[in-house]
Amino acid sequence: RKRVAWRGGTFAETLGGIALSGLGVALALSLPRPPVLQMPLDPTSLRVGTLNLRGGYSLYFGSDLNATAEALWRSGVDILLLQDVETGRLVSGGVDQVTWLGRTLNMNAVYLPTVEGLQGLAVLSRLPIVQSGSAELSAASKATAVQFVRLLKPNGAVLDIYNTQLSLIFRS
């Protein structure tokens, strides 16, 4: 015979069961949310972050640039140093990640190509960029460089930032 578990119960029991189920669902949905980072207490401080985008792929080969941008926005980062960022390779869907992230996060961007002109280093900043430069580094494996960016702080002082990507060298 087909039976419905709540059939024959009172209206109050049915309403209580629905309310209890709704409370359980609301609790379950509120638990996995990541905490929102607090802004620095000192307004004269800057948050600097570094991220190897690996071409836009996560450690599990997922590609979600929107989720990356949302996490960066939540972090409150003011200056972001990127490595392995791509600007149009087919592997990353032809997306210019530097331009896309810069526009999405409302940040100024400077890009330095290191691998085939399509992958490299980038600095994104909420502060104005007044100067940038670079120097190539000798490498046994993947081409790399040092990126230099000079930023203008609100008080008129300059802030020099250096960005690079180094890798291990195994000798046999």
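None of the values given here were measured: they were computed from a predicted structure. Residue positions within a chain follow its written sequence, with the count starting from 1. Per-residue local features of the predicted model are confined to residues with pLDDT of at least 70, and side-chain atom pairs are confined, for both listing and counting, to 80 or more; whole-chain, interface and lining totals are unaffected and use all residues. Neither water nor hydrogens contribute to the side-chain values; these are computed over all heavy atoms in the structure.

**Q** A description of the nonpolar core should follow, citing residues and the corresponding values.
**A** Membership of the largest hydrophobic core is limited to 12 residues, which are Leu53, Ala69, Leu72, Leu80, Leu82, Val85, Val98, Leu101, Leu105, Met107, Ala122 and Leu124. The helix and strand labels rest on DSSP assignments: H or I over at least four residues marks a helix, E over at least two residues marks a strand, and numbering proceeds from the N terminus. Going through the elements one at a time, α2 (65–75), β2 (79–86), α3 (97–105) and β4 (119–125) are the ones with two or more residues in this core. When sequence neighbours within four positions are dropped, the list of residues in contact with Leu101 reads Leu53, Ala69, Leu82, Asn106 and Leu124. Working definition of a nonpolar core: buried Ala, Val, Leu, Ile, Met, Phe, Trp, Tyr and Cys residues. They are joined through side-chain atoms within 4.5 Å. Using a 1.4 Å probe on the protein chains alone, a residue whose accessible area is under 20% of its type maximum counts as buried, one over 50% counts as exposed, and one in between counts as partly exposed. Grouped together as the second largest cluster of nonpolar side chains are 8 residues, Val110, Val123, Leu151 and Ile161 included. A contact between two residues is defined here by any heavy atoms of the two lying within 4.5 Å.

**Q** Can you tell me about the pairing of strand β3 (residues 108–115), naming the residues and giving the values?
**A** We call two strands paired when DSSP finds no fewer than two bridges between them. Pairing of β3 with β4, which is carried by 7 bridges, proceeds in the antiparallel orientation. Bridge pairing links Leu112 to Leu121 in β4. In sequence, β3 turns back onto β4 through a hairpin of 3 residues, with Glu116 there showing a positive phi of about 55 degrees.

**Q** Tell me about α3, residues and numbers included.
**A** If you check which residues of α3 are buried, you get Gln97, Val98, Leu101, Gly102 and Leu105. For α3, the buried positions fall inside an angular range of 125 degrees around the axis, keeping them on one side. Just downstream of α3, Asn106 is the residue with a positive phi angle, here 55 degrees. The arc in question is the one traced by the directions running from the helix axis out to the C-beta atoms.

**Q** Provide a residue-level description of the pattern of salt bridges, including the pertinent values.
**A** Throughout this description, the term salt bridge denotes a Lys or Arg side-chain nitrogen within 4 Å of a carboxyl oxygen of Asp or Glu. For the structure shown, the criterion picks out 3 salt bridges. The partner of Asp78 in a salt bridge is Arg126, with the nearest N and O atoms 4.0 Å apart. One end of the pair, Asp78, is in the loop between α2 and β2; the other, Arg126, is in the loop between β4 and β5 (129–137), with 48 residues separating them in the sequence. Here Arg126 falls in the partly exposed class, since its relative accessible area comes to 35%. In this structure, Arg150 and Asp160 form a salt bridge, with 2.7 Å as the shortest nitrogen-oxygen distance. Taken as a pair, Arg150 in strand β6 (residues 144–152) and Asp160 in strand β7 (residues 158–164) lie far apart in primary sequence, 10 residues in all. Residue class for Asp160 comes out partly exposed when judged on its relative accessible area of 32%.

**Q** Give me the lowdown on the side chain of Gln119, citing residues and values where you can.
**A** You can see Gln119 is positioned in strand β4. Here a polar contact is taken to be a pair of N or O atoms separated by no more than 3.5 Å, where protein atoms must pair a possible hydrogen donor with a possible acceptor and residues adjacent in sequence count only if both atoms sit in side chains. Here Glu86 takes part through its side chain, which lies 3.2 Å from a polar atom of the side chain of Gln119.

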